[in-house]
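A closer look at the structure
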Amino acid sequence: MVIGNGEFEDWRGSKADPVRHGGGAAASIDCVVEVLENMVFLSNATNFVAYFLKSMHYSAAESANMVTNFMGTSFLLTILGGFVADSFLTRFKTFIIFCTLELLGLILLTIQAQNSRLLPDINSKPSKTQEAILYTGLYAIAAGVGGVKAALPAHGADQLNHSNQRLISSFFNWFFFSLCLGGLIASTVMIWIEENLGWNWSFKISVATLSVALCIFATGFPIYRYKRPGGSPLTRIYKVFASAIGNRKMSLPEAECTQIYGEKRNQDKLRFLNKALIGDSVTATDVEETKTFLGLLPIFASTIMMNCCLAQLMTFSVQQGNIMDRSLDNFNIPTQSLSVFPLFIMLASIPVYEYFVRLFRLKNNNHPRMLNMFQPLRRIGLGLALASGSMAAAAIVEAKRREAAHNAVILSVFWLGWQYLLLGVSDMLTLGGMLEFFYSEAPDSMRSMSTALSWCSTSMGYFVSSVLVTICNSVSGHFGKEWLGGKDLNLTRLDLFYTLLCILNFINLLNYIFWARRY
């Protein structure tokens, strides 16, 4: 049987049967795998700091930078993983190959951690060979994570009926729930193991867990449905631009453009690209694909600032928690587990959101305009608004904490709950909305790469956060004292930095609204 363009096939290469292939059961496997994979990724990101300090004998600054670079590289490489999945391999094969690569990197680091000959002597820096082993394992993991995070959500959504947008939306919400659940396990169980049994156990458990995740995913191959890769989308985009630039002095009559282009929705957008249709080198589908992908980029750029706020939960909010009262009855909350607060909030918000959406749809089924409020672009916008509100709350709480500290009073760490609450819900709405929006709106041949934009936004947010801190210190230093200089938060002006983030996020929200209305 001939497989039509855009149709799904089974593992034998025949046309997929909607009854036997795909569906909720196949998609749910991806959610289970995401719990295990994200637990491994985040627990190692935490574990690496202790490993670099205590075993590899790097300085604290070097260790922090190595972890930051690892995280940023992992998320940036999702674009590469998405490109491979869309162009050359199916999303299933992409996951298998890149997850195996991540597993091999983990095994290499585990072997090094257990073999004293592969570790530097006490108070000595690692040799060139030891560093080579370390960086080979570390960036094999980063490359593997990039491919896994690009392929897995798109593969899960491929299993569902695309005519039912509510089903697609629900999948991405529960996929985000799985991501948070993995993070929660990493922030609680794995932290306890590292503190009580040693960091070396974290490597062993990670190897075992990722092996199980790979096996679970692979065993679903008979019920999955697959889409054949369509070749390099970047090559087609390049050909469209090259053809449009080459034909820039030629004219394409409106009637002829309509005849060639057809009734595509983007005919009137980026009209200069329509000149690529002059001649036979580029098809109308190539032009439509290019316009659609370019249309996603302003939405992607508008979410980076929100992820800059999320970076504060991993940096300054943790430092705030270190000098606040972390006692809960007779239990002292570990600093590394402060990220449990936003994760709990995210985990709780998703079932609540799903319940209210279902209830709202039942009551307003005959009012399409009312149902549009749950569209991805609206949810992303609400998430960006909450990010600005969270930074306003963070600035107020920090000002109150500094005032209390100057009066020799230590505030409870639970005061940070306001910024965690708002940013937690913001992340749920924004990232969940981004995954759904980029997948649903992307051309069929670019869905993995487009979905990867969600993770690239996270990476760019961390980068922008570092740049903003540097700029703030440089500018404020010229006018007196650096806002974020020194190690004592009681002597800094973190509240002013949070206020700046609030203002920048509000301006970014207005920018987002402009592009969302034009989309």
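Residues numbered from 1 in each chain as written. Predicted model: local features only at pLDDT ≥ 70, side-chain atom pairs only at ≥ 80, totals over all residues. Heavy atoms only, no water.

**Here's the deal with the overall build of the protein**
- When helices and strands are tallied, the protein shows 18 helices and two strands.
- For 519 residues, the compact-globule estimate of 2.2 N^0.38 gives 24 Å, and the C-alpha radius of gyration of the protein, at 24 Å, lies within 12% of that figure.
- Seen along its three principal axes, the alpha-carbon backbone of the protein occupies a region of about 75 × 50 × 50 Å.
- Looking at the 519 residues of the protein, the share that counts as buried comes to 54%.
- Contacts in the protein between residues far apart in sequence, at least 24 positions, make up 80% of those at least 6 positions apart.
- Carbon together with sulfur atoms contributes 64% to the accessible area of the protein, which is approximately 23400 Å² in total. (Helix = DSSP H or I, 4+ residues; strand = E, 2+ residues; numbered from the N terminus. Rg over C-alpha atoms; globule rule 2.2 N^0.38 Å. Buried < 20%, exposed > 50% of the residue type's maximum accessible area, 1.4 Å probe, protein only. Contact = heavy atoms within 4.5 Å. Areas by Shrake-Rupley, 256 points an atom, 1.4 Å probe, with all protein chains shown as cover.)

**A short note on helix α17 (residues 447–478)**
- Taking 1.5 Å per residue as the helical rise, α17 with its 32 residues ought to reach 46 Å, and the 47 Å between its terminal C-alpha atoms agrees with that figure.
- Looking one or two residues past α17, G480 carries a phi angle of roughly 145°, positive in sign. (Expected span 1.5 Å × (residues − 1).)

**Looking at the environment of T292**
- Mapped onto the secondary structure, T292 falls in helix α10 (residues 284–302).
- Taking the relative accessible area as the measure of exposure, T292 reaches 6% and is therefore buried.
- Each C-alpha atom, one on T292 and one on Y519, is 9.7 Å from the other, the two residues being 227 residues apart in sequence.

**Concerning empty space enclosed by the protein**
- The final tally for this structure, using the stated rule, is one cavity of 30 Å³ or more.
- Reported here for the largest cavity is a volume of approximately 40 Å³.
- Taken together, T90, R91, F92, H155, D158, R225, Y226 and K227 make up the full set of residues lining the largest cavity.
- Listed by contribution, the elements that provide at least two residues to the lining of the largest cavity are α4 (91–114) and α5 (128–158). (1 Å grid on protein atoms, 1.4 Å probe; cavity = no way out; pocket = protein on both sides within 12 Å on 5 of 7 lines; lining within 4 Å. Points joined across faces, edges and corners; volume = space filled by probe spheres on them.)

**A closer look at the packing of aromatic side chains**
- This model, assessed by the stated rule, comprises 23 aromatic pairs.
- Taken together, a centroid distance of 5.2 Å and an interplanar angle of 90° make the contact between Y51 and F203 edge-to-face. Remark: F203 occurs in helix α7 (residues 199–219) and Y51 occurs in helix α1 (residues 24–54); sequence separation between them is 152 residues.
- Residue classification places Y51 among the buried residues on the basis of a relative accessible area of 0%.
- The interplanar angle of 80° and the centroid separation of 5.1 Å between the aromatic rings of F514 and W515 together place this pair among those described as edge-to-face.
- The exposure class of F514 is partly exposed, given its relative accessible area of 44%.
- According to the relative accessible area criterion, W515 is partly exposed, its value standing at 31%.
- Each member of the aromatic cluster is reached from another via a ring pair, and the members are F41, F48, Y51, F52, F70, F75, F203 and W455.
- A cation over a ring is seen here: K149 above W455, with NZ or CZ 5.2 Å from the ring centre.
- Against the face of W201 rests K204, its NZ or CZ located 4.8 Å from the ring centre. (Phe/Tyr/Trp six-rings, centres within 6.5 Å; stacked < 30°, edge-to-face > 60°. Lys NZ or Arg CZ within 6 Å of the ring centre and 35° of its normal.)

**With respect to the packing of helix α15 (residues 376–406) against helix α16 (residues 417–441)**
- As a packed pair, α15 and α16 sit with axes 7 Å apart at the nearest point and diverge in direction by 160°. When the axes of α15 and α16 are compared, the pair comes out roughly antiparallel. Between α15 and α16 lies a crossing of left-handed hand.
- Of the residues belonging to the contact of α15 with α16, the class tally is 18 nonpolar, eight polar and two charged. (Axes fitted to C-alpha atoms, helices over the stretch in contact; angles between N-to-C directions. Parallel < 35°, antiparallel > 145°, perpendicular 65-115°, else oblique. Left-handed = near helix turned anticlockwise from the far one by under 90°. Nonpolar A, V, L, I, M, F, W, Y, C, P; charged D, E, K, R; others polar.)

**A look at the side chain of T90**
- Considering the arrangement of structural elements, one finds T90 in the loop between α3 (78–87) and α4.
- One polar contact links the side chain of T90 to the main-chain amide nitrogen of K93, over a distance of 3.2 Å.
- Setting aside residues up to four positions removed in sequence, T90 forms contacts with A85, K227 and P229. (Polar contact = N/O pair within 3.5 Å; in protein donor to acceptor, adjacent residues only side chain to side chain.)

**Quick look at the packing of helix α6 (residues 165–196) against α7**
- Running from N to C, α6 and α7 point in directions that differ by 135°, and their axes come no closer than 6 Å. Taken together, the axis directions place α6 and α7 in an arrangement best described as oblique. Contacts between α6 and α7 involve M190, I193 and E194 on the former and, on the latter, W199, W201, S202, I205 and S206.
- Residues belonging to the contact of α6 with α7 are distributed by class as follows: five nonpolar, two polar and one charged.

**Some details on a nonpolar patch on the surface**
- On the surface, F463, V467, I471, V475 and F479 cluster together to form a nonpolar patch covering roughly 510 Å² of accessible area.
- Checked against the element boundaries, V475 lands in helix α17. (Patch = residues over 30% accessible without salt bridge, like charges linked within 9 Å, V, L, I, M, F, W, Y side chains within 5 Å. Salt bridge = Lys/Arg side-chain N within 4 Å of Asp/Glu carboxyl O.)

**Some details on the nonpolar core**
- Counting 74 residues, the largest nonpolar core has F48, Y51, F52 and F95 as its most contacted members.
- Breaking this core down by element, the ones donating at least two residues are α1, α2 (60–76), α4, α5, α6, α7, α13 (340–363) and α16.
- The biggest single contributor to this core is α1, with 13 residues.
- With residues up to four places along the chain from it excluded, the contact list for F95 reads V33, T100, V148, A151, L152, L214 and F217. (Core = buried A, V, L, I, M, F, W, Y, C linked by side-chain atoms within 4.5 Å.)

**Re the confidence of the model for the protein**
- Scored by pLDDT, the protein has a mean of 83; 91% of the residues are at 70 or more.
- By mean pLDDT, the top-scoring element of the protein is α4 (92), and the lowest-scoring one is helix α14 (residues 368–371) (53). (pLDDT = per-residue confidence, 0-100.)

**Quick notes on the pattern of salt bridges**
- Evaluation of the coordinates by the stated rule reveals eleven salt bridges.
- Taking the shortest distance from any N to any O, the salt bridge between D495 and R493 comes out at 3.0 Å.
- For D495, a relative accessible area of 7% gives the class buried.
- With a relative accessible area of 32%, R493 lands in the partly exposed category.
- What emerges from the salt-bridge pattern is a single network uniting E34, E37 and K149.

**Considerations on unusual backbone geometry**
- Phi angles above zero are rare outside glycine, and A408 is one such case at about 60°.
- Positionally, A408 belongs in the loop between α15 and α16.
- For A408, a relative accessible area of 72% puts it in the exposed group.

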